[in-house]
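# Descriptive analysis of the structure
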Amino acid sequence: MLIYKKHKDFANGSVYLFETQKGNQVEVTDTFLPIETKYAINTHCNALSSPCVGSRADRWMIGVSTMSGCPVGCKFCSTGMLKNLELLDSEQIADQVYQMLVRNSPNHKSRDSKEFKINYTRMGEPFLNIKNVKTVINYLDTMMSDTQIHHYLSTIGVKGSDFSFVKDNISLQFSIHSFDEEKRNWLIPYKNKMTLKEIGQIRTESKLKTTLNLTLVDESDFDINILKEYFDPEYFFVKISPLNENVVSRENLLNGVIEYTNMI
């Protein structure tokens, strides 16, 4: 059981801080967006068409951590600054979902959402804790059988990973951040990761295409020629994400190419 510490509310949800029994931090997000953003791949735009940020009846997304801390050390992520690394067990990961459901149960049920999505995208690399992640996916699909859950796993592409379970309601995201291998290796200094060419060869049985996520810190990191060479648009699509400024990104003099404003 995780221990609640505090949370902060935003226009379209909240971010929570919990602690494990060992006293290590766990971050969870509970957010929502209009259903139109689910189909951004068709409109080629993920910007909101109005100031309305939707509700949990539209797209309800819970972002869970698979670790406290992270060994990857991305150059714009502060998670690696945590002193202790703790792999979360399946009960601790499932408890993050459960606590968000309980906090919202008086007003909304997951089965009533047009999309209910669990993003394995907060603290940690899911494929370095994949046994517990797979256990949680199977458990939640069974225990929440009245809800059509979309499980969304984000990875740097850990070498040797088995993606055979990524099918049906499970989809995959590779966080690559640059199409230049040398720059990518600097941004993501984890040595045991797949090359861009190897990632481009991955095929899943998911209902959705595999996402290529780039938090661009320089426009030159987007290379249309590499994209065309390695990534078949039948199986992949690209998402450009903003950089959330923090002490690590500032130390590395990094700024995102996307200008954005958080609505608090």
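Residues numbered from 1 in each chain as written. Predicted model: local features only at pLDDT ≥ 70, side-chain atom pairs only at ≥ 80, totals over all residues. Heavy atoms only, no water.

## Let's talk about the overall build of the chain
- On a plain count of helices and strands, the chain comes out with seven helices and 13 strands.
- Since a compact globule built from 264 residues should have a radius of gyration of about 18 Å, the 18 Å found for the chain is in line with a globular shape.
- With the C-alpha coordinates aligned to their principal axes, the bounding extent of the chain is approximately 50 × 40 × 40 Å.
- Every one of the 264 residues in the chain was classed for burial, and the buried ones make up 47%.
- When the 30 basic and 32 acidic side-chain charges of the chain are each reduced to a single mean position, those positions are 3 Å apart. (Helix = DSSP H or I, 4+ residues; strand = E, 2+ residues; numbered from the N terminus. Rg over C-alpha atoms; globule rule 2.2 N^0.38 Å. Buried < 20%, exposed > 50% of the residue type's maximum accessible area, 1.4 Å probe, protein only. Lys, Arg positive; Asp, Glu negative; His and termini not counted. Charge placed at Lys NZ, Arg CZ, Asp CG, Glu CD.)

## As for the pattern of salt bridges
- The full count for this structure, using the stated rule, is nine salt bridges.
- As a salt-bridge pair, Glu 181 and Arg 184 come within 3.0 Å of each other at their nearest N and O atoms. On the criterion of helical spacing, the pair formed by Glu 181 and Arg 184 is a turn pair, its members being three residues apart in helix α4 (residues 181–187).
- A salt bridge links Asp 221 to Lys 183; its shortest N-O distance comes to 3.0 Å. (Salt bridge = Lys/Arg side-chain N within 4 Å of Asp/Glu carboxyl O.)

## Things to note about helix α3 (residues 130–143)
- The end-to-end C-alpha separation of α3 is 20 Å, in line with the 20 Å expected for 14 residues at 1.5 Å each.
- Along α3, the residues classified as buried are Val 133, Val 136, Ile 137 and Leu 140. Each buried residue of α3 sits inside an arc of 100° when the element is viewed along its axis, so together they form one side. In α3, the exposed positions angled more than 90 degrees off the buried face are occupied by Lys 131, Asn 138, Thr 142 and Met 143.
- On its buried face, α3 sits against α2 (90–104), β7 (115–120), β8 (149–155) and β10 (170–175). (Expected span 1.5 Å × (residues − 1). Arc of directions from axis to C-beta. Contact = heavy atoms within 4.5 Å.)

## Remarks on the packing of α2 against α3
- Here α2 crosses α3 at 50°, and the two axes come no closer than 8 Å. Of the possible angle classes, the one that applies to α2 and α3 is oblique. Viewed along their axes, α2 and α3 form a crossing whose handedness is right-handed. Residue-level inspection shows Ser 90, Ile 93, Ala 94 and Val 97 of α2 in contact with α3, the latter providing Asn 132, Val 133, Thr 135, Val 136, Tyr 139 and Leu 140.
- Class assignment for the residues of the contact of α2 with α3 results in seven nonpolar, three polar and no charged. (Axes fitted to C-alpha atoms, helices over the stretch in contact; angles between N-to-C directions. Parallel < 35°, antiparallel > 145°, perpendicular 65-115°, else oblique. Left-handed = near helix turned anticlockwise from the far one by under 90°. Nonpolar A, V, L, I, M, F, W, Y, C, P; charged D, E, K, R; others polar.)

## Quick word on the side chain of Glu 115
- Within the secondary structure, Glu 115 is located in strand β7.
- We classify Glu 115 as buried; its relative accessible area is 5%.
- Discounting chain neighbours no more than four positions away, the residues touching Glu 115 are Ile 35, Lys 38, Asp 58, Arg 59, Trp 60 and His 150.

## Structural notes on the environment of Lys 167
- Here Lys 167 is to be found in strand β9 (residues 167–168).
- For Lys 167, a relative accessible area of 32% translates into the label partly exposed.
- Along the sequence, Lys 167 and Ser 206 sit 39 residues apart, while their C-alpha atoms lie 3.8 Å from each other.
- Ignoring sequence-local partners within four residues, the contact set of Lys 167 consists of Glu 205 and Ser 206.

## Points about the nonpolar core
- Tyr 120, Leu 153 and Phe 174 are the most contacted members of the largest nonpolar core, which totals 55 residues.
- Discounting residues that sit within four places of it in the chain, Phe 174 has contacts with Thr 155, Ile 156, Gly 157, Phe 163, Met 194, Ile 199, Ile 202, Thr 210, Thr 211, Leu 212 and Asn 213. (Core = buried A, V, L, I, M, F, W, Y, C linked by side-chain atoms within 4.5 Å.)

## Notes on the pairing of strand β13 (residues 236–241)
- As judged from the six bridges shared by strand β12 (residues 210–215) and β13, these two strands associate in the parallel manner. Within β13, the residue paired with Leu 214 across the bridge is Ile 240.
- Taken together, β12, helix α6 (residues 224–230) and β13 form a β-α-β motif whose crossover is right-handed. (Pairing = 2+ DSSP bridges. Right-handed = clockwise from strand over helix to strand, strands pointing away.)

## With respect to the pairing of β8
- With seven of its seven residues buried, β8 lies for the most part within the structure.
- Side chains Ile 149, His 151, Leu 153 and Thr 155 of β8 all project onto a buried face; the interleaved residues His 150, Tyr 152 and Ser 154 project onto the opposite face, where all are buried too.
- With five bridges connecting them, β7 and β8 associate as parallel partners. Across the sheet, residue Asn 119 finds its bridge partner in β8, namely Tyr 152.

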